[in-house]
Amino acid sequence: MDDFIILIPALNPPRDILKSYLYELRDMGFTRILLVNDGSRAEYDEYFDKLINEGFDVFTHYKNFGKGRALKNSFNYILNTYENFSYVITVDSDGQHKASDVQNIANILKKSEVAMYLGSRDFNEESVPFKSSFGNKTTSFIYKLMFYDKIGDTQTGLRAIPKAYLPDFLDLPGERFEYEINMLINSSQTKKKIIEIPIETVYFDNNSETHFHPIMDSFKIYRVMLGTFFKFIISSLSSFLVDIGAFTVLTKFLTRILATSSKVIWASTALARIISGIFNYNVNKNLVFADEKKDKGKFIKYVSLWLCQLILSAFFVDMIFERVNMNASLIKLIVDTIIFLISFTIQNKFIFNGSK
């Protein structure tokens with residue numbers, strides 16, 4: 001087991017549970033165990049000193065910075081200090097992860113492909129507190145919608161991370177639990193493989209030992225997952241205002257020139273879409289998806305999508321206008337809202353999917 005480093009972030013941990021857990025891991029052959037004292041109360045100083053004397057490595061933060069910072073600083077410390085290892089296995093300090101599950105994952109690592117392995121809990125079990133079950137299922141559902149990876153336990157603390165992944169993870173934002181979501185997002189967007197391994201679902205005293213703040217931490221996690229989508233909404237609304245404004249002006253102007261309403265709608269849609277398309281591409285590339293690469297292929301894909309949107313918008317607005325007594329601009333608003341949702345999925349997954 002010397003090929004693996006066990007990393008345990010700890011903030012005011014349950015002393016007896018953690019100590020017995022550490023010795024159980026050591027008895028299984030895990031000799032390289034690093035604890036992070038993430039600013040625990042002063043009364044814990046003697047406790048961690050004893051663990052150092054008993055052969056465990058302890059990395060100390062003077063004050064509590066949060067789990068995300070604890071993990072990042074520890075990854076940096078490990079890369080600078082340890083040699084000849086292939087994986088860092090992170091586990092929680094509150095006894096939620098059975099030593100037998102850690103051993104099982106380690107055994108799988110020895111004979112499997114390089115990937116980040118997640119210890120996945122079953123949130124359908126009756127022993128799982130409702131808030132934990134509901135929160136994790138909701139997060140997993142939103143994650144799948146945004147990043148197209150089906151991960152059953154996005155907030156698990158039991159993770160086996162290849163050494164090769166650690167440098168990328170050092171640059172990720174997040175000071176608390178949102179950092180763990182950023183690790184998954186980075187893996188999804190950069191094609192790092194993620195594999196889930198079922199583990200036993202353990203909660204002590206209705207999960208009272210957790211340092212997860214339901215409101216503050218949930219807000220940060222959802223802000224991370226939905227951040228790009230909200231930027232896309234703002235970008236699209238701005239582009240829509242440009243588009244609908246140009247469309248409205250052009251329909252009034254072209255009515256005097258073109259003979260039929262159909263020609264007016266098609267011409268106005270095309271010209272308005274050209275104006276708003278140029279605006280939208282630059283905003284999405286530089287602000288929404290923060291794509292710094294100069295890639296002609298992305299531009300070609302975007303233009304292809306833009307043309308499809310133009311044709312679909314004009315086709316459906318024209319078709320509905322001919323059959324329903326409704327203002328053309330209102331019809332366009334409904335049609336383009338549907339196209340907008342489809343466009344986000346396509347841009348996020350197929351056009352700017354490898355962006356920074």
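Read on for a plain summary of the structure. In this text, all values refer to a predicted model and were calculated from it rather than measured experimentally.

Reading guide: rules and limits
- Residues numbered from 1 in each chain as written.
- Predicted model: local features only at pLDDT ≥ 70, side-chain atom pairs only at ≥ 80, totals over all residues.
- Heavy atoms only, no water.
- Phe/Tyr/Trp six-rings, centres within 6.5 Å; stacked < 30°, edge-to-face > 60°.
- Buried < 20%, exposed > 50% of the residue type's maximum accessible area, 1.4 Å probe, protein only.
- Lys NZ or Arg CZ within 6 Å of the ring centre and 35° of its normal.
- Helix = DSSP H or I, 4+ residues; strand = E, 2+ residues; numbered from the N terminus.
- Contact = heavy atoms within 4.5 Å.

### Comments concerning the packing of aromatic side chains
- Following the criterion strictly, the structure yields 11 aromatic pairs and no others.
- Seen from their ring centres, tyrosine 47 and phenylalanine 48 are 5.6 Å apart, and the 80° between their planes marks the pair as edge-to-face. Pair check on accessibility: tyrosine 47 and phenylalanine 48 agree, each one buried.
- Ring centres of phenylalanine 315 and phenylalanine 316 lie 5.1 Å apart, and the angle between their planes is 80°; on these two criteria the pair is classed as edge-to-face.
- Overall, the relative accessible area of 43% leaves phenylalanine 315 in the partly exposed class.
- Aromatic rings pair up to connect Phe4, Tyr87 and Tyr117 into one cluster.
- The side chain of arginine 26 reaches across the aromatic face of phenylalanine 56, ending 4.0 Å from its centre.
- The ring of tyrosine 165 is capped by lysine 192, whose NZ or CZ atom sits 5.7 Å from the centre of that ring.

### Looking at the side chain of serine 120
- Tracing the backbone shows serine 120 in strand 5 (residues 116-120).
- Residues contacting serine 120, with those up to four places away along its chain left out, are Gly152, Asp153, Glu196, Ile197, Pro198 and Ile199.

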